[in-house]
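A closer look at the structure
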Amino acid sequence: MKYSSLLALCLTALLAASCSQGPEKQKTKFVSVGTGGVTGVYYPTGGAICRLVNQGRKEHGIRCSVESTGGSVYNTNSIDGGELDVGIAQADVAYKAWNGEAPFKKKMTKLRSLFAMHPESVSLVARKDANIKNIADMRGKKINLGNPGSGNARTSSELLEACGIAISDLALAGRLKAVEMPDALRDNKLDGYFYVVGHPTANIKDIATSTPIELVNINSDCIDKLIDGREYYVKTEIPAGMYNGVDTATQTYGVKATLVTSSDLGEDTAYKIVKSVFDNLDNFKSLHPAINNLTPKSMLEGLTAPIHAGAMKYYKEKGWK
Ligand code: GLU
């Protein structure tokens with residue numbers, strides 16, 4: 001076929017398509033959700049959010065896609081820079097972003113919350129044979145603190161500082177990504193790794209089935225001092241029996257995972273995202289065991305950045321705000 005006739009054919013097809021759809025047909029709005037490593041809880045939870053949003057795509061025209069990323073700090077920075085529309089971030093990280101505290105260089109005034117999700121525990125996964133019974137035992141050990149951009153790296157560095165442990169006190173301060181940590185522990189390249197994560201997580205289930213592990217209690221006095229006055233942190237425990245061979249509860253502290261965005265996200269889009277989740281809350285909760293205790297009340301608590309206007313509209317309609 002000659003090029004000109006092909007072009008004419010394409011134009012006719014395009015016109016026919018747009019005419020049959022009618023002038024009111026809305027443009028697709030793409031929304032990207034930044035999460036974490038694929039074996040964590042952020043990634044499947046972000047997937048669950050997108051699944052619910054995409055179910056209503058015909059009515060609202062939003063197409064949601066989930067991205068595996070470096071974690072909370074990366075997500076927050078990328079939302080501020082406009083590369084991500086929405087992301088999951090630890091409430092401590094969102095707090096620091098909103099207030100312009102390290103690792104952030106300036107106040108992220110556009111940062112907004114949509115809702116809070118599961119509690120994440122500061123978890124120190126250690127090889128049983130490494131004999132790490134408390135925070136102080138980390139001295140001289142190979143410990144993964146977290147990849148740059150992760151909430152793990154942020155929270156674990158803060159913990160070390162609060163407990164007077166210098167990086168140079170460790171035999172190794174690892175920067176591996178969350179997906180790489182279990183293999184490194186199994187291969188003895190690490191004695192332990194930090195993971196600020198909801199439970200249960202595939203990441204720890206995986207290592208616990210092949211290597212004897214311990215979840216170290218993180219409840220020394222320095223932790224009490226660290227939590228004191230930082231209301232986004234709470235004392236928490238990782239229940240017994242979540243992972244193969246871990247038969248007692250682990251005492252630690254934790255923070256909420258929160259869904260955040262920018263004030264640049266349209267009110268209508270934010271409204272539809274939260275509506276898709278809350279109108280289908282039972283379905284949402286059934287999509288991952290770490291989120292199955294969520295309630296509308298808990299999902300509006302523990303937010304450290306102001307609520308987005310579009311989300312607020314939905315909460316007011318429901319009488320929750
Ligand atoms: N809290 C972790 C972080 O921000 C991610 C946890 C997860 O992926 O579930 O680095």
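Right above here is the structure, for reference.
The next thing to look at is the site of the ligand. The environment of the ligand is made up of 14 residues, and the closest members are V41, S72, Q90, G151 and V196. In the model, a nitrogen atom of the ligand is placed 2.8 Å from a nitrogen or oxygen of the Q90 side chain. The contact in question runs from an oxygen atom of the ligand to an N or O atom on the backbone of N152, over 3.5 Å. Isolated, the ligand exposes 300 Å² of accessible area, and the fraction of that covered by the protein chains is 98%. Of all elements in the fold, only α6 (151-162) and β7 (192-197) reach the threshold of two or more residues within the shell around the ligand. If you tally residues by element for the shell around the ligand, the top one is β7, at 3 residues. Looking at the shell around the ligand, its residues break down into 5 nonpolar, 8 polar and 1 charged.

The next point concerns the nonpolar core. The biggest cluster of nonpolar side chains holds 34 residues, and the ones touching the most others in it are I49, F115, F284 and Y315. L159, V196, C222 and I227 belong to the second-largest nonpolar core, a separate cluster that totals 27 residues.

Moving on, we get to the state of the cysteines. Counted under the stated rule, the structure contains 2 disulfides. Shown here is the disulfide that connects C50 with C64, its sulfur atoms set 2.1 Å apart. Taking the sign of the torsion about the S-S bond as the criterion, the disulfide between C50 and C64, at about -55°, is left-handed. Residue C50 is found in helix α2 (residues 42-55), and its partner C64 is found in strand β2 (residues 62-67); the two are separated by 14 residues along the sequence. Comparing C50 with C64 shows no difference in burial state: the two are buried. Here C163 engages in a disulfide with C222; their sulfurs sit 2.1 Å apart. An S-S torsion of about 90° defines the bridge between C163 and C222 as right-handed. Of this pair, C163 sits in the loop between α6 and β6 (172-174) while C222 sits in helix α9 (residues 221-227), and the two are 59 residues apart along the sequence. The same class applies to C163 as to C222, namely buried. When the cysteines of the protein chain that form disulfides are numbered from the N-terminus onward, they connect as 1-2, 3-4.

Calculation notes
- Residues numbered from 1 in each chain as written.
- Predicted model: local features only at pLDDT ≥ 70, side-chain atom pairs only at ≥ 80, totals over all residues.
- Heavy atoms only, no water.
- Near = heavy atom within 4 Å.
- Polar contact = N/O pair within 3.5 Å; in protein donor to acceptor, adjacent residues only side chain to side chain.
- Areas by Shrake-Rupley, 256 points an atom, 1.4 Å probe, with all protein chains shown as cover.
- Helix = DSSP H or I, 4+ residues; strand = E, 2+ residues; numbered from the N terminus.
- Nonpolar A, V, L, I, M, F, W, Y, C, P; charged D, E, K, R; others polar.
- Core = buried A, V, L, I, M, F, W, Y, C linked by side-chain atoms within 4.5 Å.
- Buried < 20%, exposed > 50% of the residue type's maximum accessible area, 1.4 Å probe, protein only.
- Disulfide = S-S within 2.5 Å.

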